[in-house]
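# Observations on the three-dimensional arrangement
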Amino acid sequence: MTTHFFTASSLDGFIATDEHSLDWLLTQDVDPDGAMGYNAFVKDIGALAMGASTYEWVMRHEEGRWGYDQPTWVFTHRTLSLPDDADVRLTHDAVHSVHAEMLAVAGERDIWIVGGGDLAGQFADAGLLDEVWVQYAPVTLGSGAPLLPRRLDLELLEVARNRNFLCGRYAVVSEGTAR
Ligand SMILES: NC(=O)c1ccc[n+]([C@@H]2O[C@H](COP(=O)([O-])OP(=O)(O)OC[C@H]3O[C@@H](n4cnc5c(N)ncnc54)[C@H](OP(=O)(O)O)[C@@H]3O)[C@@H](O)[C@H]2O)c1
């Protein structure tokens, strides 16, 4: 069972603008059934984790509908409103205990840390992040939400082009150290 951070990024390493906009990303051409695409990735995922900003973006973008079938843990210190008919759990527990709960429900399937980058870094700090998948869009943003604000050593496992995106899959080969 593998714990992945799968995300799109600008070329200069930001996954959203300072205002949490993904407009620069959603206008890009991508084939979700293509090389290293979303559809093949997500079918093996049994549990998700995300931070509060990512959750709030998903809720805004989907206008309150929930787009995931898998149980989802949302890291927050706040009482956020939850979607109807979805298994979404708010938590501020330690990442290792949440990861153990995720493993228990995921069964044979994998775990996806959706974002943001620091939450993925917290899992890496705990030695719980196995792979990083980055779909690089042909855009620079100059500033924004960081891709993975840690010092990590990674091994390049796979590369592909998917339409506008340069896609890389990396193994985490050492624990991160917070900057
Ligand atoms: N490009 C992509 O494919 C992609 C993928 C994922 C996300 N995104 C975007 O990237 C941006 C990421 O935002 P972000 O950098 O602010 O990260 P985030 O992880 O989405 O949200 C950060 C917030 O999560 C909560 N949090 C994080 N760790 C926690 C912990 N251990 N315990 C309890 N709460 C914790 C805190 O919220 P509170 O303390 O306020 O509750 C924190 O301020 C969003 O705009 C998202 O939409 C883009």
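Structural data are supplied above this passage.
With that settled, the discussion passes to the pattern of salt bridges. Enumeration according to the criterion identifies 10 salt bridges in this entry. Its salt-bridge partner being aspartate 118, residue arginine 150 comes within 2.8 Å of it at the nearest N-O pair. Taken together, the residues arginine 150 in strand β9 (residues 150–151) and aspartate 118 in helix α5 (residues 117–125) connect sequence positions 32 residues apart. Take arginine 150: its relative accessible area is 11%, and that puts it in the buried class. Here aspartate 118 falls in the partly exposed class, since its relative accessible area comes to 36%. Residues glutamate 131 and arginine 169 are paired through a salt bridge, measuring 2.8 Å at the closest nitrogen-oxygen approach. Taken together, the residues span a long stretch of sequence, with glutamate 131 in strand β7 (residues 131–136) and arginine 169 in strand β11 (residues 165–172) at a distance of 38 residues. Comparing glutamate 131 with arginine 169, the two get one shared label, buried. Through salt bridges with shared partners, one network takes in Asp29, Asp31 and Arg163.

What follows covers the site of the ligand. Near the ligand, the surroundings consist of 23 residues, among which His20, Thr54, Thr76, His77 and Gln122 are the closest. The contact in question runs from an oxygen atom of the ligand to an N or O atom on the side chain of arginine 78, over 3.0 Å. Between an oxygen atom of the ligand and a main-chain N or O atom of glycine 116, the distance comes to 2.9 Å. For the shell around the ligand, the elements supplying multiple residues, two or more each, are β1 (3–9), β2 (14–16), α3 (52–61), β6 (110–115) and α5. The element contributing the most residues to the shell around the ligand is α3, with four residues.

Taking 1.5 Å of rise per residue, 12 residues should cover 16 Å, and helix α4 (residues 95–106) covers 16 Å from first to last C-alpha, within 8% of that figure. On its buried face, α4 is in contact with β1, β3 (45–51), β4 (72–75), β5 (88–91), β6 and α5. Residue glycine 107 follows α4 closely and has a positive phi angle near 65°.

Spatially, β5-β4-β3-β6-β1-β7-β11-β10 is the arrangement adopted by the eight strands of the open sheet, whose pairing is mixed. On the outer flanks of this sheet lie β5 and β10 (154–162), each paired with one strand and no other. Within this sheet the neighbouring strands show an average axis-to-axis angle of 20°, counted without direction. As defined by bridge partners, β10 adjoins β11 across eight bridges and the pair is classed as antiparallel.

With that out of the way, let us pick up the pairing of β6. Burial runs high along β6: six of the six residues are buried. Here β3 pairs with β6 via five bridges, running parallel. Note that in β6 the partner of leucine 48 across the bridge is tryptophan 112.

Throughout the structure, instances matching the rule amount to 11 aromatic pairs. Members of the aromatic cluster, each reached through a chain of ring pairs, are Phe6, Tyr38, Phe41, Tyr55, Trp66, Tyr68, Trp112 and Trp133. Taking NZ or CZ as reference, arginine 169 lies 5.5 Å from the ring centre of tryptophan 133, over its face.

Reading the values: rules and limits
- Counting restarts for each chain, with residues numbered from 1 along the sequence as it is written.
- For a predicted model such as this one, the threshold for reporting local features is a pLDDT of at least 70, and the threshold for listing and counting side-chain atom pairs is 80 or more; totals across whole chains, interfaces and linings nevertheless cover every residue.
- Only hydrogens and water are removed before side-chain values are computed, so all heavy atoms of the structure are retained for them.
- A carboxyl oxygen of Asp or Glu within 4 Å of a side-chain nitrogen of Lys or Arg is what we treat as a salt bridge.
- By the criteria applied, helices consist of DSSP H or I runs no shorter than four residues and strands consist of E runs no shorter than two, each listed in order from the N terminus.
- Exposed residues in this analysis have more than 50% of their type's maximum accessible area, buried residues have under 20%, and partly exposed residues fall in between, with area computed by a 1.4 Å probe over protein chains only.
- Whether a residue is near a molecule or strand is decided by its heavy atoms; if any one of them lies within 4 Å of it, the residue is near.
- Whenever a nitrogen or oxygen atom comes within 3.5 Å of another N or O atom, the pair is scored as a polar contact, on the condition that within protein one atom can donate a hydrogen and the other can accept it, and that pairs from neighbouring residues in sequence are kept only if both atoms are in side chains.
- Given a helix with a known number of residues, its expected span is that number minus one, times 1.5 Å.
- The contact rule is simple, with two residues in contact once any of their heavy atoms fall within 4.5 Å.
- Only strands joined by at least two bridges in the DSSP assignment are considered to pair.
- Here the axes come from fitting lines to C-alpha atoms, over the contacting stretch only for helices, and the angles between their N-to-C directions go from 0 to 180 degrees.
- Within 6.5 Å between ring centres, the rings of Phe, Tyr and Trp (the latter by its six-membered ring) count as paired, and their orientation is classed by plane angle as stacked under 30 degrees, edge-to-face over 60, tilted in between.
- Any Lys NZ or Arg CZ found within 6 Å of a ring centre and within 35 degrees of that ring's normal is scored as a charge over the ring.

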